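# Descriptive analysis of the structure
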Amino acid sequence: MLPTGTVTFLFTDIAGSTRLLREDALGYADALAEYRCLLRAAFTAHGGHEVDTQGDAFFVAFPTAGQAAAAAAQGQRSLAAHRWPDRQRVLVRMGLHTGEVMATEDGYVGLSVHQAARIAAAASGGQVVLSEATAALLARALPGGSALRRLGDYRLKDFPQPEVLYQLDIAGLPTDFPPLHTLEVGQRLPSPTGTLLGRGRELAALTSLLTDVETRLVTLTGPGGIGKTRLALEASSDVVAAFRDGVFFVDLSVEHEPEQVFAAIVRTVSLPGVTEDEPLEALRRGLRTARMLLVLDNFEQVAEAATGLSDLLQHCPHLTALVTSRESLRVRGEALFAVPPLSLPERETVTVGEAEASEAVRLFVQRAAAVVTGFGLTDENATDVAAICRLLDGLPLAIELAAARVRLFAVDELRARLDLQLDELRGGPRDLPERQQTLRRAIEWSTELLRDADRAVLSVLSVFAGARLADVEAVIGRVPSLGGLDVVESLGSLVDKNLVRSTQAGDGRPRLSMLNTIRNYAAEQLASWPDVAAAARRAHAEHYTEQARAWGSPSGHADRAEVLAALSLELGNFRAAWSYWVREGAVARLNDLLEPLWGYYDARGNYRGAVELGSDLLAVLSVQPETPERIRDEIAVETSLARSMIAVSGYTAEVERRIRAALDRSDAAGGVPQRFSVLRTVATLHLLRADFERGAAVGRELLALAEQNREPALLADAHLVVGAVATEDLTGSLRHLDESIEHFLEQRTSRVQFRVGPNPGVVAYVVSGLLLWEAGFPDRAEVRIERGIELAGQIGHPYSLAYAYFHASFAALGQQDLARVAEYAGELLRIAEAQDYPIWRALAFVMRGTARIGFGERDEGLADVERGFGLYEGLSTPPVFWSSLLMVRAAGCLMAGQPERGAAFVEEAVSTVWSQGLQDPQLDILWGDLLLASPVADVSAAEELFERAAASAEAYGARMIHLIAATRLATLRRSTPRRDEALADLRAAYDGFTEGFDTPQLVAARALLDGA
């Protein structure tokens, strides 16, 4: 049990451990083990509680200051008396502090913990340093043979007020040590007004560079507002102990001449006796032996001084320089360190926990809470705060300026105003440099030194959503007034100045991009040149439309994966081109872009994007002269748009209206492919409405059209529709589905195609798998369903994968394989959450909950099922799923011990099925099971249901369902005159199987027969 209330903390670590490890790794490992053993003995002897151990460090808590001091004294004596291996003398620094903290499951929370750690870090090897609070408590409780020595006032890192520190002198041990390693020792660093949030990885990497004797010049690069200065201050304060002659900060923002740089350094480090020397020469002589760190801020103002700085470092072998600059110094020995933006949430819609994991969000919340008391993240504002941080690219300056505006706007209002409005971010703190008081001024500061050619290229680059250099060259080459620019030279300069980023894209080639804030500023500059802006935007649209035409043609790229990857990279540019041609009303250009864009959205399962394209194109078509071509285009778009809306919004009146309008116009257009497309969508409509009779009629018409055309793609779709709606002929359904798979395999193409919904091959495999199980071929059924999942994964189509996982989980439930129900439901939920598929999300909760009930997690499972139905009933969902879902819900009630409730769901499902002119023997079996499980079992009614299920299953050819019903009847009739008759029926059903003998249904039947 950890001590609580007022606690004394002891931190320890080995001084110079890195050097010891480098000199003798094996010896160090032995020494480390001995060190731990000695100290743990001291801690235990005096009532210490070991809170944490990392590497060579201990964190120990004591109930009293006297116990902590006694443990420290014993530990130092034991270490001093121990015989260490050669070259491995271990010197340990220790720090003690007493304060009130809160104990948690993971340790302690409170500033006192951090203060004790900082005190330990200030000590030297062999030294014990303690705070004034601990010293006061030791006045009458000092361990024997020890005394306190006041060291003076010192400022600890992250603690603004000086702290009086003491040393515990231990008799027989050294008492003279170097000055404490605190911020007061030989340093002139500005004190930041707040703690640094995040940046843990960057800080660790930077401090490692600064303490590496091989690295003498480190340059932090990045655009204005990225946080270069703040990171430099934090890192330099962390390494004070490594520079015995101090760490000095030199602000160069007001300097403009190279010699002024060195004069500013002379003034800062206060070199004596150098007033008659040139500044650089004075520094060469005065710092020749100094072990010092110079922090040179805003060096881009005086880039010509880089050679002088390099010369200074060569003459002063122990001098190190940490430089902040918008561009590299380009001198030998320079280590570049690009400062990235703060981390951002990965998803657009986030929970509070996901938002808090982002450095950018934490900074926003901290700064907002400083101006609005009580501000914090909530479920209502987390997504808006995350969006604000994304809009601002994770730039610390921009985020701080935005957070200050919560005094005037609600977070959602601020999000709306920030989009493309640089001027919203103004009014920063008055004690900031003027260049940092507005975001616009910070960016202008970064562009003041640009050449005119660089400014022009930066402005035109705002038209792009990221680009390859060759594409930028091609577009600028189309703009007459910019034809003479050396684009490569200008882009190189912009990259050097961190206004443009060059990163490796997924294809391994460099790609140019800008932060949104800089891009918005550049777009404003472009808008101030109307003629150039108009020409640049048209050139951009023309260039990417030509690329789309090449990718969309049969003679273009053949590799589907390659095209999708390229489309993913260039999606922003294609959408910008699309928007341009929508404004221009250029139907032909839009058609060039439509196939690859629609194909991309379908491949990624993003039907919201497809709906946007369809709506845009219909709006443009509506103002064109009415021609047969326009009518055909409108029909194609209307039908595809309707199917996309089903995926996005479910089955709605708007969907049906669009489909019927397209069907009414399709006769006038003529052409097999045109009419086929419309009829295929009508078939989807009938299937979703569970109108199987009309669906079958449309399926027959589709099959006739497909056989007339002999196009494999049409044949695959037509056989799929007929197989899916043939509700009275199981054998016929399977034959058509087999035909569909065969034609699908014939017509598979690597091209990105214009289609909507689950892939027909996936549907054919999965549906045939379900039917094969019913038909009594469980092994083949499993292979088909797994092949459907595999195919959906191979083509990388989320919607098809969701479709496959749902039907696979449904099949697994019928097979009593709860582990696979849970597995498939989990995958379905993952996809639904990632792609925002509301219907699949609802179904995933239903299936997952049912599996959990079966595993014994009754309450959690029922809650999942209720949540799923709540989501489902809140959507415009197609009736086709309803009876199946009710059956799943009833099965869950049976497993949960709620048979009466389950029976009510089955009755509703049966009435739904009968209203469609159908029978479902599986529902009858489940209903019978529920009647038998009721407190007062209705055996007679259950027997009647099982008889009806057996008869209808046998007539349909569903051998597995027939076997299950026959097993139920044989079980019921074991002690009745109809026993032999029931067993004979069961044996006849069992003997018809040729596979799947280890499935639960066949195992149960075999057990009954063997027991007879």
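Residues numbered from 1 in each chain as written. Predicted model: local features only at pLDDT ≥ 70, side-chain atom pairs only at ≥ 80, totals over all residues. Heavy atoms only, no water.

Right, let's get into the overall build of the protein. Assigned secondary structure in the protein consists of 43 helices and 16 strands. Within the protein, buried positions represent 54% of all 1012 residues. Excluding contacts between residues fewer than 6 apart, the proportion of contacts in the protein whose partners are at least 24 apart in sequence is 69%. Total accessible area on the protein is roughly 43,400 Å²; 51% of this is exposed by carbon and sulfur atoms. (Helix = DSSP H or I, 4+ residues; strand = E, 2+ residues; numbered from the N terminus. Buried < 20%, exposed > 50% of the residue type's maximum accessible area, 1.4 Å probe, protein only. Contact = heavy atoms within 4.5 Å. Areas by Shrake-Rupley, 256 points an atom, 1.4 Å probe, with all protein chains shown as cover.)

For helix α43 (residues 1000-1011), built from twelve residues, the straight-helix expectation of 16 Å at 1.5 Å per residue is met to within 8% by its first-to-last C-alpha distance of 16 Å. Every buried residue belonging to α43 is among Q1001, L1002, A1005, L1008 and L1009, and all of these are buried. Angularly, the buried residues of α43 cover 125 degrees about the axis, an arc narrow enough to put them on a single face. Turned more than 90 degrees away from the buried face of α43 sit D1010 and G1011, all of them exposed. Its buried side turned inward, α43 meets α31 (760-775), α33 (798-814), α41 (959-972) and α42 (979-991). (Expected span 1.5 Å × (residues − 1). Arc of directions from axis to C-beta.)

End to end, α31 covers 22 Å across 16 residues, agreeing with the expected 22 Å (1.5 Å per residue, within 8%). With respect to burial, α31 is a largely interior element, 16 of its 16 residues being buried. Its side-chain oxygen 2.8 Å from the backbone nitrogen of G761, N759 forms the N-cap of α31. Two residues or fewer past α31, G776 is found with a positive phi of approximately 100 degrees. (Polar contact = N/O pair within 3.5 Å; in protein donor to acceptor, adjacent residues only side chain to side chain.)

Before going further, it helps to spend a moment on the packing of helix α17 (residues 452-461) against helix α19 (residues 487-496). Helix packing geometry: the angle between the two helix axes and the distance between the axes. At a minimum axis distance of 9 Å, the contact between α17 and α19 shows a crossing angle of 85 degrees. On the basis of their axis angle, the class for α17 and α19 is roughly perpendicular. Listed contacts from α19 to A453, D454, V457, L458 and L461 of α17 are S490, L491, S493 and L494. Taken together, the residues of the contact of α17 with α19 sort by class into six nonpolar, two polar and one charged. (Axes fitted to C-alpha atoms, helices over the stretch in contact; angles between N-to-C directions. Parallel < 35°, antiparallel > 145°, perpendicular 65-115°, else oblique. Nonpolar A, V, L, I, M, F, W, Y, C, P; charged D, E, K, R; others polar.)

Viewed as axis vectors pointing N to C, α41 and α43 meet at an angle of 35 degrees, and their least axial separation amounts to 10 Å. The interaxial crossing formed by α41 with α43 has left-handed handedness. Seen from α41, the contacting residues are M960, L963, I964, T967, A970 and T971; seen from α43, they are Q1001, L1002, A1005 and L1008. Considering only residue class, the contact of α41 with α43 consists of seven nonpolar, three polar and no charged. (Left-handed = near helix turned anticlockwise from the far one by under 90°.)

Under the defined criterion, the tally for this structure stands at 41 salt bridges. Among the salt bridges present, the one from R511 reaches E570, with a minimum N-O distance of 2.9 Å. With R511 in strand β16 (residues 510-513) and E570 in helix α22 (residues 560-584), the pair connects residues that are 59 residues apart, well separated along the chain. Both residues of the pair, R511 and E570, count as buried. (Salt bridge = Lys/Arg side-chain N within 4 Å of Asp/Glu carboxyl O.)

Before going further, it helps to examine the packing of aromatic side chains. Under the defined criterion, the tally for this structure stands at 18 aromatic pairs. Relative to F59, the ring of F11 lies with its centre 4.4 Å away and its plane at 10 degrees, an arrangement referred to as stacked. Of the two residues, F11 sits in strand β1 (residues 5-14) while F59 sits in strand β3 (residues 57-62), which places them 48 residues apart along the sequence. Residue classification places F11 among the buried positions, given a relative accessible area of 15%. Ring centres 5.9 Å apart and planes at 45 degrees place the aromatic pair F806 and W840 in the tilted group. Of this pair, F806 sits in helix α33 while W840 sits in helix α35 (residues 838-854), placing them 34 residues apart in sequence. The two residues F806 and W840 agree in class, both being buried. In this structure an aromatic cluster arises from ring pairing among Y799, Y803, F806, F810, Y837 and W840. The cationic tip of R959 hangs over the ring face of F777; the distance from NZ or CZ to the ring centre is 4.7 Å. (Phe/Tyr/Trp six-rings, centres within 6.5 Å; stacked < 30°, edge-to-face > 60°. Lys NZ or Arg CZ within 6 Å of the ring centre and 35° of its normal.)

Position of T215 among the secondary structure elements: in the loop between α6 (200-210) and β10 (217-221). Ignoring any residue separated from it by four or fewer positions in sequence, one finds T215 in contact with L209, T320 and A335.

To continue, consider the pairing of β3. Along β3, five of the six residues are buried, which leaves the element largely enclosed by surrounding structure. As judged from the five bridges shared by strand β2 (residues 49-54) and β3, these two strands associate in the antiparallel manner. Within the sheet, the bridge partner assigned to T53 lies in β3 and is F58. Counting the residues in the hairpin turn of β2 and β3 gives two residues, including G55, whose phi is positive at 60 degrees. (Pairing = 2+ DSSP bridges.)

Once that is clear, we can look at the nonpolar core. If you look at the biggest cluster of nonpolar residues, it comprises 109 residues, and the most contacted ones within it are L206, L322, F364, F464 and V472. Among all residues touching F464, those that are not within four sequence positions of it are D471, V472, V475, R519, H540, Y544 and N573. (Core = buried A, V, L, I, M, F, W, Y, C linked by side-chain atoms within 4.5 Å.)

Taken over all residues, the pLDDT of the protein has a mean of 83, while the share at 70 or more is 85%. Within the model, pLDDT remains below 50 along residues 553-558, and this stretch shows ten contacts once partners closer than five positions in the same chain are excluded. A low-confidence stretch, residues 749-754 (pLDDT under 50), is modelled with 25 contacts involving residues beyond four sequence positions or located in other chains. (pLDDT = per-residue confidence, 0-100.)

Counting through the fold element by element, P143 comes out in the loop between α5 (132-137) and β7 (146-154). A sequence separation of 76 residues divides P143 from Q67, and the C-alpha atoms of the two residues are 8.4 Å apart. Not counting the four nearest positions on each side in its chain, P143 is found in contact with A69, A70 and A73.

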